[in-house]
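A structural walkthrough
In case you want the letters, here they are:
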Amino acid sequence: MNLLIKNGHIINPDSGIDKVLDILIVDGRVDKIDVNLDESMADKVIDAGNMIVAPGFVDIHAHLREPGNERAETMESGCKAAMNGGFTTVTAMPNTNPCMDNAAIVSLVREKAHRAGYAKVCPVGAVSKGREGRELAAIGEMVHEGIVAVSDDGSPVATAELMKKALEYCQLFGIPVMEHAEEVTLTRGAVMNEGFMSTKLGLKGMPTVAEDIVVARDIILNRYVRGWLHVSHLSSAYSLDMIRRAKERGDRVTTEVTPHHLFFNDSRLEQFDTNFVMKPPVRVEADRLSMIEGIKDGTIDCIATDHAPHPHEYKNCEIDICAFGIIGFETAISAVLDVLYHRYDVPLKRIVECMSTNPAKIIGMKDDRLRVGAKADITVFSTGSEVVIRPERFKSRSRNTPFKGMKLKGCPVYAISGTRVVRCDVGEVQ
Ligand SMILES: [Zn+2]
């Protein structure tokens with residue numbers, strides 16, 4: 001099949017292209033990128049006038065729940081949801097049941113994702129066996145099966161000794177250790193950020209220092225062994241500053257922030273809505289504004305959703321017993337464009353770097369995916385259309401999103417991966 005994307009504004013930070021061009025895709029490969037390509041060459045034409053065309057968006061932090069919690073999500077529903085939200089590649093975090101700490105499960109996850117035939121899935125292996133924090137998992141074998149990073153996400157890497165070993169060992173393979181930075185002795189029983197708002201609401205809070213202590217430990221260890229530390233879902237301004245200084249010293253530290261930490265602060269908890277309960281929690285306004293500053297000055301490398309589906313009953317309950325986390329694939333682009341592009345003047349090129357080319361580099365994908373000869377791997381989005389988010393249209397099996405019913409400016413329009421072309425639908429476009 002020949003597909004022609006007409007008049008789209010291509011923004012490709014890898015090649016430097018930033019102008020209106022047509023793209024002809026033949027049998028799932030980019031055949032031509034040029035002006036005024038002839039429509040008669042195509043079986044299908046996408047009119048991308050007033051839209052942005054970018055290398056496919058990549059989400060390096062997602063929980064696809066299979067094996068073990070298929071009621072929340074399956075490989076198939078997760079991969080469909082990813083593309084419906086405009087992502088062509090996502091990771092699969094290892095806190096499955098059984099835990100993805102060995103080559104057999106990595107292979108199973110890849111096979112299931114491949115069979116689903118939507119977004120590409122890059123598995124992340126566990127750091128420790130069973131994510132129990134005692135001994136290293138079979139990282140070498142998992143690398144042979146295709147993991148792109150390791151993480152004990154959901155929990156921090158339990159001890160400094162284990163983290164040091166993981167950083168040293170992963171150097172051999174050139175992959176990062178992704179850290180869920182949380183000193184758990186400071187967060188037990190807590191549901192939201194610790195501060196004025198948690199006191200006002202009478203809820204137990206997680207202090208930012210719980211994040212800062214682990215980030216500090218890891219930066220010190222990483223500098224010592226010259227490893228590659230990736231700090232997941234950053235939320236604290238102090239941690240951001242430590243990462244900024246580590247980068248200035250030349251340490252290999254990368255980091256990500258979620259759309260919800262860019263969008264919300266802890267005043268949202270006032271309605272006791274469990275869809276605002278996640279780890280790390282949304283913080284105070286000053287932390288949120290520093291995350292936006294971190295995106296602008298380049299300290300934060302990418303935006304990742306931490307897509308965390310849960311069945312209805314895990315969220316439809318009292319706030320102090322609900323599950324942590326929200327889904328993110330199908331709201332990320334709208335939320336990010338609304339807050340970063342429309343309200344804080346972050347350039348589109350920077351947004352494409354944070355959601356496409358930078359995360360791709362972190363998980364070892366080839367440079368410049370949007371070029372003649374490459375497999376089609378493209379995200380098309382609109383900055384001008386407003387969308388009212390309708391979770392009932394989502395492809396995810398779960399509905400735990402705080403963005404439900406919100407009107408956001410900007411939305412995904414197409415996700416294209418090889419011969420698979422998905423028209424995104426996340427709500428009513430106005
Ligand atoms: Zn986490």
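Residues numbered from 1 in each chain as written. Predicted model: local features only at pLDDT ≥ 70, side-chain atom pairs only at ≥ 80, totals over all residues. Heavy atoms only, no water.

1. So, the overall build of the chain
Helix and strand counts for the chain come out as eleven helices and 19 strands. Computed over the C-alpha atoms, the radius of gyration of the chain is 20 Å, within 12% of the 22 Å expected from 2.2 N^0.38 for a compact globule of 430 residues. On the principal axes, the C-alpha backbone points of the chain span a range of 65 × 45 × 45 Å. Classification of the 430 residues of the chain by burial places 61% in the buried group. Across the chain, the fraction of contacts at a sequence separation of at least 24, relative to all contacts at a separation of at least 6, is 75%. Positive and negative side-chain charges of the chain, numbering 52 and 59 respectively, have mean locations separated by a distance of 1 Å. (Helix = DSSP H or I, 4+ residues; strand = E, 2+ residues; numbered from the N terminus. Rg over C-alpha atoms; globule rule 2.2 N^0.38 Å. Buried < 20%, exposed > 50% of the residue type's maximum accessible area, 1.4 Å probe, protein only. Contact = heavy atoms within 4.5 Å. Lys, Arg positive; Asp, Glu negative; His and termini not counted. Charge placed at Lys NZ, Arg CZ, Asp CG, Glu CD.)

2. Quick word on the environment of alanine 308
On the secondary structure map, alanine 308 appears in the loop between β15 (302-303) and α10 (332-343). Each C-alpha atom of the pair alanine 308 and phenylalanine 329 lies 9.4 Å from the other, and the pair is 21 residues apart in sequence. In this view, alanine 308 contacts His63, Arg65, Gly325, Ile326, Ile327 and Asn400; residues no more than four positions away in its chain are not counted.

3. What about the layout of surface pockets?
Here the largest pocket defines a volume of roughly 810 Å³. Lining the largest pocket are 37 residues, with Thr89, Lys120, Cys122, Met365 and Lys375 positioned closest to its centre. When contributions to the lining of the largest pocket are tallied by element, the ones reaching two or more residues are β7 (87-92), α2 (103-116), β8 (120-123) and α11 (348-362). Each residue belonging to the lining of the largest pocket can be placed in one class, and the counts come to 15 nonpolar, ten polar and twelve charged. A domain split of the lining of the largest pocket shows at least three residues from each of domain 1 (2-53 + 372-429) and domain 2 (56-362). In this structure, the second largest pocket occupies an estimated 270 Å³ of space. Around the second largest pocket, the lining comprises 16 residues; the ones closest to its centre are His63, Arg65, Asn95, Gly154 and Phe324. Among the residues forming the lining of the second largest pocket, the class breakdown is three nonpolar, eight polar and five charged. (1 Å grid on protein atoms, 1.4 Å probe; cavity = no way out; pocket = protein on both sides within 12 Å on 5 of 7 lines; lining within 4 Å. Points joined across faces, edges and corners; volume = space filled by probe spheres on them. Nonpolar A, V, L, I, M, F, W, Y, C, P; charged D, E, K, R; others polar. Domains from an automatic or database assignment.)

4. Here's the deal with the coordination of the zinc ion
Protein coordination at the zinc ion comes from Asp153 (OD), His180 (ND1) and His233 (NE2), with a distance range of 2.0 to 2.2 Å. For the zinc ion, all donor residues lie on one chain, and their spacing in sequence is D-x26-H-x52-H. Within this pair, whereas aspartate 153 is found in the loop between β9 (150-151) and α4 (160-171), its partner histidine 180 is found in the loop between β10 (177-179) and β11 (192-193), the two being separated by 27 residues in sequence. Comparing aspartate 153 with histidine 180 shows no difference in burial state: the two are buried. (Donors = N, O, S within 2.8 Å, 3.2 Å for Na, K, Ca; no water.)

5. Overview of the sheet that holds β8
If you walk across this open sheet you meet the three strands as β6-β7-β8, and the pairing is parallel. Strands with a single pairing partner mark the edges of an open sheet, and in this sheet they are β6 (57-59) and β8. Pairs of neighbouring strands in the sheet enclose a mean axial angle of 20 degrees, with direction left out of account. The pairing of β6 with β7 spans three bridges and is classified as parallel. Residue valine 58 lies in a different strand from β7, and its bridge partner there is threonine 89. (Pairing = 2+ DSSP bridges. Axes fitted to C-alpha atoms, helices over the stretch in contact; angles between N-to-C directions.)

6. Quick look at the domain arrangement of the chain
What the domain assignment lists for the chain is domain 1 (2-53 + 372-429) and domain 2 (56-362). For domain 1 and domain 2, the distance between their C-alpha centres works out to 25 Å. Facing 40 residues of domain 1, the contacting portion of domain 2 comprises 47 residues. Taking both partners together, domain 1 and domain 2 bury about 3600 Å²; carbon and sulfur atoms supply 63% of that area. Of all residues in domain 1, Arg397, Asn400 and Phe403 give up the largest surface area on contact with domain 2, accounting jointly for 18% of the area buried on that side. On the surface where domain 1 and domain 2 come into contact, there are one salt bridge. (Buried area = accessible area lost by both parts, 1.4 Å probe. Salt bridge = Lys/Arg side-chain N within 4 Å of Asp/Glu carboxyl O.)

7. Things to note about the pairing of β7
Counting buried positions along β7 gives six out of six residues, so the element sits mostly inside the fold. Handedness of the crossover is the feature at issue here: the chain leaves β6, passes through helix α1 (residues 75-84), returns alongside β7, and the resulting connection is right-handed. For the handedness criterion, the β-α-β arrangement of β7, α2 and β8 is classed as right-handed. (Right-handed = clockwise from strand over helix to strand, strands pointing away.)

8. Notes on empty space enclosed by the protein
In the structure shown here, the tally under the stated rule is four cavities of 30 Å³ or more. Taken as a whole, the largest cavity holds about 70 Å³ of empty space. Of the residues contributing to the lining of the largest cavity, the split by class is six nonpolar, three polar and four charged. For the second largest cavity, the calculated volume is near 50 Å³. Around the second largest cavity sit Met1, Leu3, Ile25, Asp27, Gly28, Ile416, Gly418, Thr419 and Val421, which together line it. Taken together, the residues of the lining of the second largest cavity sort by class into five nonpolar, three polar and one charged.

9. A short note on the nonpolar core
Within the largest apolar cluster, 97 residues are counted, with the highest numbers of intra-cluster contacts made by Val121, Leu262, Ile295, Ile303, Leu340, Met355 and Phe381. It is α10 that provides the largest number of residues to this core, a total of seven residues. The residue makeup of this core includes at least three contributed by each of domain 1 (2-53 + 372-429) and domain 2 (56-362). Residues in contact with leucine 262, not counting those within four places in the same chain, are Val257, Arg288, Met291, Ile292, Ile295, Ile303, Val339 and Leu340. Counting 19 residues, the second largest nonpolar core, distinct from the first, contains Leu3, Ile10, Met51 and Leu370. (Core = buried A, V, L, I, M, F, W, Y, C linked by side-chain atoms within 4.5 Å.)

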